[in-house]
Amino acid sequence: MRRDAGGADGGPSAGAAEIRCDADAGHRWAEYEWAQLRGRMTPPGTGGTRRTQWVSPQDVSRIWRVSLGSVYRLASENAWGRRRVGGRSHYDEADVRRTLSARMAGRSAAVTDVAAGTRG
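The name an unreviewed UniProt entry gives the protein is Helix-turn-helix domain-containing protein, with Streptomyces noursei as the organism.

## Some thoughts on the pattern of salt bridges
Going through the model one piece at a time under the given rule, you end up with three salt bridges. The shortest N-O distance in the salt bridge between R62 and D59 comes to 3.5 Å. Here D59 and R62 lie together in helix α2 (residues 57-64), a separation of three residues that amounts to about one turn. Judged by its relative accessible area of 30%, D59 is partly exposed.

## Digging into the sheet that holds strand β6 (residues 88-92)
The three strands lie next to each other as β4-β6-β5, forming an open sheet whose pairing is antiparallel. Across the chains shown, the open sheet's two edge strands, defined by having one partner strand only, are β4 (54-55) and β5 (82-85). As judged from the two bridges shared by β4 and β6, these two strands associate in the antiparallel manner. Across the sheet, V55 pairs through a bridge with Y91, a residue of β6.

## What about the packing of aromatic side chains?
Taken as a whole and judged by the stated rule, the model has one aromatic pair. Here the aromatic rings of W80 and Y91 are separated by 5.4 Å at their centres, their planes lie at 70°, and the arrangement is edge-to-face. Of this pair, W80 sits in the loop between α3 (68-77) and β5 while Y91 sits in strand β6; the two residues are eleven residues apart in sequence, bridging distant segments of the chain. Residue W80 is classed as buried on the basis of its relative accessible area of 7%.

Rules and cut-offs
Residues numbered from 1 in each chain as written. Predicted model: local features only at pLDDT ≥ 70, side-chain atom pairs only at ≥ 80, totals over all residues. Heavy atoms only, no water. Salt bridge = Lys/Arg side-chain N within 4 Å of Asp/Glu carboxyl O. Helix = DSSP H or I, 4+ residues; strand = E, 2+ residues; numbered from the N terminus. Buried < 20%, exposed > 50% of the residue type's maximum accessible area, 1.4 Å probe, protein only. Pairing = 2+ DSSP bridges. Phe/Tyr/Trp six-rings, centres within 6.5 Å; stacked < 30°, edge-to-face > 60°.

Here it is as structure tokens:
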């Protein structure tokens, strides 16, 4: 798999980094979609439980394409799990994904409504 800047050649979204499959060029995902897919996987032998994955605010901002200020605001408003390492905050990836997936779905619905003329 490779990580490339996407969008120009029909990738997930302009300017967003994307993950491309080495075996099939038609398989590609935006970084946030890859994070969602990874979140569905559980390590073998864990009885279906996952270890908490921690992400930095900077990673959240880059992957989900939201401003750093919005990351901090969303973390506070949605009570994301947080741990501090070396004086720096890291957020529970599952909390981040849950909040921002819903936000992205809302944006997609709004764009579809505007395109269909049902929302102005």
